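# Per-entry structural report
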Amino acid sequence: LEISFLQAARFSADAAHELKTPLTILQGQLNQALRSAPAGSEEQRTYADLLEEVQRLKSIVRKLLLLAQSDAGRLRLALEKVNLTQECAALCEDVPLLAPGLTLHADLAPQTCVMADPDLIRQVVQNLFSNATKYSREGGAIECRLRQEGDTVVFTLANTTECGAGLDRDRLFDRFFRGDPSHNRNVDGSGLGLSLAREISRAHGGELVLDNGETRDGWISFRLTLPAKIG
């Protein structure tokens, strides 16, 4: 079983790594074709659509590579002091732009810091905010709270949802699972974000879980915990 697991993890890492170069080349060629196409032409729109799909594939490949590294225990962290208050505040400023119809309530304790890889931990928080804006019901709300409790930083983010009781909460962190039952492409995503966010959190000595303490009907809440940066 251990050999099979290691082989599967190695295959995922190798496959993701091998896909990076051809996708980068394809992206470059499409960018060049897009610039050369007549403005407003059908040709230009086709290239733009293809470029969007290639960028989506590159995002999936990057996430698969990170997951494979995590599975193999080789996720590299470049740790430094990260002001999580500033990161969350910046994302809160983006919410009205991304989803003007949503109401945002933010309660962020000042100067709340963690020792983390800035790029990776930013990806975790961005994923939570992105999901909250994409999957919240129209005219709904988002609530986020950041606190330090002893030697632990706790960030919770809740949003209204249309799925309600139909949401398969047990599978939210499964790879390639998407919360919208139809799996339609109207909501962008690969179904890897939450799984990767949880693995990154664990690599930092923290955890990302569905907050079962949040019991309001029509809401879903996530709870991220990380070791605090003391001093």
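How each quantity is defined
- Residues numbered from 1 in each chain as written.
- Predicted model: local features only at pLDDT ≥ 70, side-chain atom pairs only at ≥ 80, totals over all residues.
- Heavy atoms only, no water.
- Helix = DSSP H or I, 4+ residues; strand = E, 2+ residues; numbered from the N terminus.
- Buried < 20%, exposed > 50% of the residue type's maximum accessible area, 1.4 Å probe, protein only.
- Contact = heavy atoms within 4.5 Å.
- Areas by Shrake-Rupley, 256 points an atom, 1.4 Å probe, with all protein chains shown as cover.
- Polar contact = N/O pair within 3.5 Å; in protein donor to acceptor, adjacent residues only side chain to side chain.
- Pairing = 2+ DSSP bridges.
- Axes fitted to C-alpha atoms, helices over the stretch in contact; angles between N-to-C directions.
- Phe/Tyr/Trp six-rings, centres within 6.5 Å; stacked < 30°, edge-to-face > 60°.

## Here we look at the overall build of the protein
Assigned secondary structure in the protein consists of five helices and seven strands. What you see in the protein, going N to C, is helices and strands ordered as α-α-β-α-β-β-α-β-β-α-β-β. Within the protein, the fraction of its 231 residues that count as buried is 42%. Sequence-distant contacts, at least 24 apart, represent 71% of the contacts inside the protein between residues at least 6 apart. Total accessible area on the protein is roughly 12900 Å²; 51% of this is exposed by carbon and sulfur atoms.

## A word on the side chain of His-204
Residue placement: His-204 occurs in the loop between helix 5 (193–203) and strand 6 (207–210). For His-204, the side chain forms a polar contact with the main-chain oxygen of Ile-200, separated by 2.8 Å. Not counting residues within four places of it along the chain, the set of residues in contact with His-204 comprises Leu-77, Leu-79, Met-115, Ala-116, Asp-117, Leu-120, Ile-121, Leu-226 and Pro-227.

## Things to note about the sheet that holds strand 7 (residues 219–227)
With mixed pairing, five strands are arranged side by side in an open sheet as 2-4-5-7-6. The open sheet terminates on both sides in strands that have one partner only, identified here as strand 2 (103–108) and strand 6. Between one strand axis and the next, the sheet turns by 10° as a mean value, whatever way the strands run. Both strand 4 (residues 141–149) and strand 5 (residues 152–160) contribute to a ladder of eight bridges, which runs antiparallel. Residue Cys-144 lies in a different strand from strand 5, and its bridge partner there is Leu-157. Along the sheet face, helix 4 (residues 118–135) touches strand 4, strand 5, strand 6 and strand 7 and points at about 20° away from the line of strand 5. Contacts from helix 5 reach strand 6 and strand 7, with the element oriented near 140° to strand 6.

## Quick look at the packing of aromatic side chains
This model, assessed by the stated rule, comprises two aromatic pairs. Consider the rings of Phe-173 and Phe-222, whose centres lie 6.1 Å apart with planes at 85°: the pair is edge-to-face. Taken together, the residues span a long stretch of sequence, with Phe-173 in the loop between strand 5 and helix 5 and Phe-222 in strand 7 at a distance of 49 residues. When its relative accessible area of 11% is taken as the criterion, Phe-173 is described as buried.

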